[in-house]
Amino acid sequence: MRKILCVAEKPSIAKAVANHLAGAHVPARSVTGSTYTKNYEFDYNFGPPWNQCRVVFTSVAGHLTVTDFDPKYKNWRAFPATELFEARIDVFVKDDNKPIERNIEQEARGAFALFIWTDCDREGEHIGMEVRNAARKTNANIQVKRAIFSNIERAHIIEASRRFHELDEKQAAAVETRNELDLRIGAAFTRFLTLSLQKVSPKLEDRPVISYGSCQFPTLGFVVDRYWKVRNFTPEPFWKIAVMHQKQGMDVRFTWKRGHLFDRMTVVILFERCLAAKHARVSKVTKKPTRKYRPLPLTTVELQKNGTRFLRLDSKRVMTVAESLYNKGWISYPRTETDQFDKATNLRPFIEKQAQSTQWGQYAQGLLDGGFQFPRSGRNNDKAHPPIHPVNFVFPNTLASDDERRVYEFIVRRFLACCSADALGESTTIDLTYGPERFATSGLTVLEKNYLDVYPYERWESSAQLPPFAEGETFVPTEANIVDGKTTAPDYLTEPELIELMDRNGIGTDATMAEHISKVKEREYIRAVARSGAGAGEGEEEGQGNVGRGARGSRGGRGGRGGRGGRGSSAGRGGGRGGLDQLVPTQLGVALIDWYESLNLDKNVAKPFLRKDLEVQLKAICDGAKTKTQVVQTEVEVYREIYARQSQQVALLKAVCSPMWLSDRDARLQY
DNA sequence: GCAAGGTC
């Protein structure tokens, strides 16, 4: 029988696909020298033209090769850093990956075909090419095909095994391009910064390198940007009209439709007109059903945002813990952009497993007994992995750490919440006309909590009851006055906000964003500090009481409580639950960003534009509009110019950075 | 001693 070699991107996929194809459990054969990769052997009929084959299914563990400069460039002072823009680059297999490469070389020998099962994304295409190169070392004529699959459902995998595609060289070339540019630019700029600043003070000898990276700098830029917004903020006074009416022993506070105005005289005039009217009139009473949507299936970015918000872990920690849960088989693959479950997926088995929990088992059973609703679909699908979900039940107290227990619990609850019904309620809005002005108040009655019963991370509660009002009813308000206040500075960035910004601006990937944040902390560009004082306002602060009471009905997932009418900063931002750490730049971080800004470059390295430009160029490579050589050349030219510009301003760089070296190393900025 | 991207 003819032999075929199949290779997946990671061991878990090799195992899953092998078992699906074989239709039974296939024993794993270990690979000498490699802890994680295994070989699976079985017979399988691929259909024409391959038909019945002897299959060896194995995997790599991500990229096989790394890219680095010719070793002669190891010495930072032996060559000018600009030489790194053109220095020879080697692509080679690192020692840890040698056993994996050797396994492929060995198994390719005697195989007539290589069938590649890497993830269907750009990196996956590149990994496929690395695998092909390894196989060709021992079998130059091996036929190479690629499988295209977007999940590991049995039927889908069987389908995929019968269609043979070509590796996409263009996508692989785009990855090589990113690799080369990030290396050349990152290394050249890092050496420039580190060496320029080293002579500024003897204190520098024990400093970490002052690194530059195409993701590190925009990440730092976001933090510094917010820092200046906070520092440069000047409060503005405002005024507004507040109306309160007592009815059936209840205080009902009506808020002004205009919100607030920054001109006191105008408010006084409008207020006098209200008073002159004496009577306020109920113009409309609206009662309508409202709902709070259950969450979407969980992506990596959401896991990181929610983990930092609800569990108070930093995103790097969340990912480390999630990877460990994945490796032990408790949860599905934790790196995914997909927020929709394939309609063909049977989710019941995963819910059944959770029914034995003492904490949420009863709830899970309720879903099985009829409460189940297939999850909503978000807009993202990476065509490689399903949303993050629990695959097996584990008693939380048997997990290794408290963090593992909490992350696991979150993933399970999130999954059960996804499979539940929306929370339902009824909202009442009372519109009021008072003289020329309009006011309103609203109340919420939660009727069915549904998913909220298993998802304590979100709140949606009934407001205090409103007394009945009838349309057309008039009354003289118990109290009406002008309330003054002033706008307050925004808060420093929090980690979930930073992740959101990075995600929106394409800085890093779902799997690397947490690492970039961790890296700029390690470089002492930013630090996380505990929030000081009791929760700051959300952009306004009032002089008198808390105007505007109670909850308002909410559509689309935003928490309902205390809708202050302003920015929709969602649950967990302060919220009276301790407050998240704030990300603040260090003196060094601010100095670097401000200095780059002062260079007046066409495109600032501290902004996401350059990274976005690169993404556009990479897309052009994938579409065949440009070649790797062209893109590397034009990009390198851009950075050569920036390099030249920054070289002229070394004196200024030293100047803006020196005070901090000369003063106490741990000198802090004023926050 | 440099980057960012995979994966364990």
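Bear in mind that the values here come from a model prediction, so they are computed numbers and not experimental data.

1. Section: the protein's contact with DNA strand B
In the neighbourhood of DNA strand B, 41 residues make up the surrounding shell, with Arg191, Cys215, Asn327, Tyr333 and His516 lying closest. Within 4 Å of the protein, the contacting atoms of DNA strand B are drawn from sugar and phosphate to the extent of 64%. Measuring from a sugar or linking oxygen of DNA strand B, one finds a backbone N or O atom of Gly62 at 3.4 Å. Arg191 has a polar side-chain atom sitting 2.6 Å from a base oxygen of DNA strand B. Those elements that place two or more of their residues in the surface near DNA strand B are β5 (65–69), α5 (169–198) and α9 (315–327). The greatest single-element share of the surface near DNA strand B, amounting to ten residues, is contributed by α5.

2. Some words on unusual backbone geometry
The peptide bond linking Pro48 to Pro49 adopts the cis configuration, its omega dihedral lying at 0°. Take Pro49: it is sitting in the loop between β3 (38–45) and β4 (52–59). Here Asn450, not a glycine, exhibits a phi torsion of approximately 45°, which is positive. If you trace the backbone, Asn450 turns up in the loop between β13 (437–448) and β14 (474–475).

3. Here's the deal with the nonpolar core
The biggest cluster of nonpolar side chains holds 63 residues, and the ones touching the most others in it are Phe189, Leu193, Tyr212, Phe217, Tyr525 and Tyr596. Looking at this core, the elements with two or more residues in it are α5, α6 (216–231), α13 (495–505), α14 (513–522), α15 (587–598), α16 (609–622), α17 (628–648) and α18 (650–662). Residue contributions to this core reach at least three from each of two domains, namely domain 1 (2–167) and domain 2 (168–228 + 489–534 + 578–671). Contacts of Phe189, omitting those with residues within four sequence positions, involve Phe85, Tyr212, Tyr596, Tyr639, Ile642, Tyr643 and Gln646.

4. Points about the domain arrangement of chain A
Under the domain assignment used here, chain A contains domain 1 (2–167), domain 2 (168–228 + 489–534 + 578–671), domain 3 (236–293 + 425–487 + 537–563) and domain 4 (300–418). Opposite the eight residues of domain 3 that make contact, domain 4 presents eleven residues. Summed over both partners, the interface of domain 3 with domain 4 comes to about 880 Å²; 69% of that surface belongs to carbon and sulfur atoms. Linking domain 3 with domain 4 are zero salt bridges. Counting across the domain 3 and domain 4 interface gives three residue pairs in polar contact (both at pLDDT 80 or more).

5. Focus: the environment of Glu107
Structurally, Glu107 can be placed in helix α2 (residues 98–108). Using a relative accessible area of 11% as the deciding quantity, one classes Glu107 as buried. Each C-alpha atom, one on Glu107 and one on Thr58, is 9.2 Å from the other, the two residues being 49 residues apart in sequence. Excluding residues within four positions of it along the chain, Glu107 makes contact with Lys3, Leu5, Arg29, Asn39 and Val56.

6. Observations concerning the state of the cysteines
Each disulfide consists of one covalent bond between the sulfur atoms belonging to two cysteines. Following the criterion strictly, the structure yields zero disulfides and no others. Cys120 takes part in no disulfide bond, and the closest cysteine sulfur, belonging to Cys622, lies 14 Å away. Among the cysteines around Cys419, which has no disulfide bond, Cys418 carries the closest sulfur, lying 6.1 Å off.

7. Focus: the pairing of β3
Across a regular strand the side chains alternate sides, sitting on one face of the sheet and then on the other. Of the strand pairs in this sheet, strand β2 (residues 28–30) and β3 are connected by three bridges, and their pairing is antiparallel. Within β3, the residue paired with Ser30 across the bridge is Lys38. Where β3 lies against β4, six bridges are found, and the strand directions are antiparallel. Across the sheet, the residue bridging to Asn45 is Gln52, located in β4.

8. Overview of the packing of aromatic side chains
Enumeration according to the criterion identifies 39 aromatic pairs in this entry. With a centroid separation of 6.4 Å and an interplanar angle of 20°, the aromatic rings of Phe192 and Trp595 are classed as stacked. Here the residue Phe192 occupies a position in helix α5, and Trp595 occupies one in helix α15, the gap between them amounting to 403 residues. Each of the two residues, Phe192 as well as Trp595, counts as buried. These aromatic residues form a ring-pair network of at least three members: Phe85, Phe189, Phe192, Tyr212, Phe217, Tyr525, Trp595, Tyr596, Tyr639 and Tyr643. The aromatic ring of Phe112 is capped on one face by Arg2, whose charged end is 3.7 Å from the ring centroid.

9. Topic: the sheet that holds strand β8 (residues 143–146)
Pairing in this open sheet of six strands is mixed, and the strands run β2-β3-β4-β1-β7-β8 from one edge to the other. Strand pairing shows two members of the sheet lacking a second neighbour, β2 and β8, which therefore form its edges. Put simply, the sheet's adjacent strands are angled 25° from each other on average, direction ignored. The strands touched by α2 are β1 (2–8), β2, β3, β4 and β7 (111–117); relative to β1, the strand with the most contacts, the crossing angle is about 160°. With respect to the sheet, helix α3 (residues 122–138) is in contact with β1, β7 and β8, its orientation differing from that of β7 by roughly 160°.

10. Digging into empty space enclosed by the protein
With the rule as written, the count across this model stands at one cavity of 30 Å³ or more. Approximately 110 Å³ is the volume attributed to the largest cavity. Around the largest cavity, the lining is made up of 13 residues, and of these Tyr212, Ser214, Leu610, Arg611 and Tyr639 lie nearest the centre. Mapped onto the lining of the largest cavity, the elements with two or more residues apiece are α5, α16 and α17.

Definitions and cut-offs
Residues numbered from 1 in each chain as written. Chains lettered and ligands numbered in written order. Predicted model: local features only at pLDDT ≥ 70, side-chain atom pairs only at ≥ 80, totals over all residues. Heavy atoms only, no water. Near = heavy atom within 4 Å. Polar contact = N/O pair within 3.5 Å; in protein donor to acceptor, adjacent residues only side chain to side chain. Helix = DSSP H or I, 4+ residues; strand = E, 2+ residues; numbered from the N terminus. Core = buried A, V, L, I, M, F, W, Y, C linked by side-chain atoms within 4.5 Å. Buried < 20%, exposed > 50% of the residue type's maximum accessible area, 1.4 Å probe, protein only. Domains from an automatic or database assignment. Contact = heavy atoms within 4.5 Å. Buried area = accessible area lost by both parts, 1.4 Å probe. Salt bridge = Lys/Arg side-chain N within 4 Å of Asp/Glu carboxyl O. Disulfide = S-S within 2.5 Å. Pairing = 2+ DSSP bridges. Phe/Tyr/Trp six-rings, centres within 6.5 Å; stacked < 30°, edge-to-face > 60°. Lys NZ or Arg CZ within 6 Å of the ring centre and 35° of its normal. Axes fitted to C-alpha atoms, helices over the stretch in contact; angles between N-to-C directions. 1 Å grid on protein atoms, 1.4 Å probe; cavity = no way out; pocket = protein on both sides within 12 Å on 5 of 7 lines; lining within 4 Å. Points joined across faces, edges and corners; volume = space filled by probe spheres on them.

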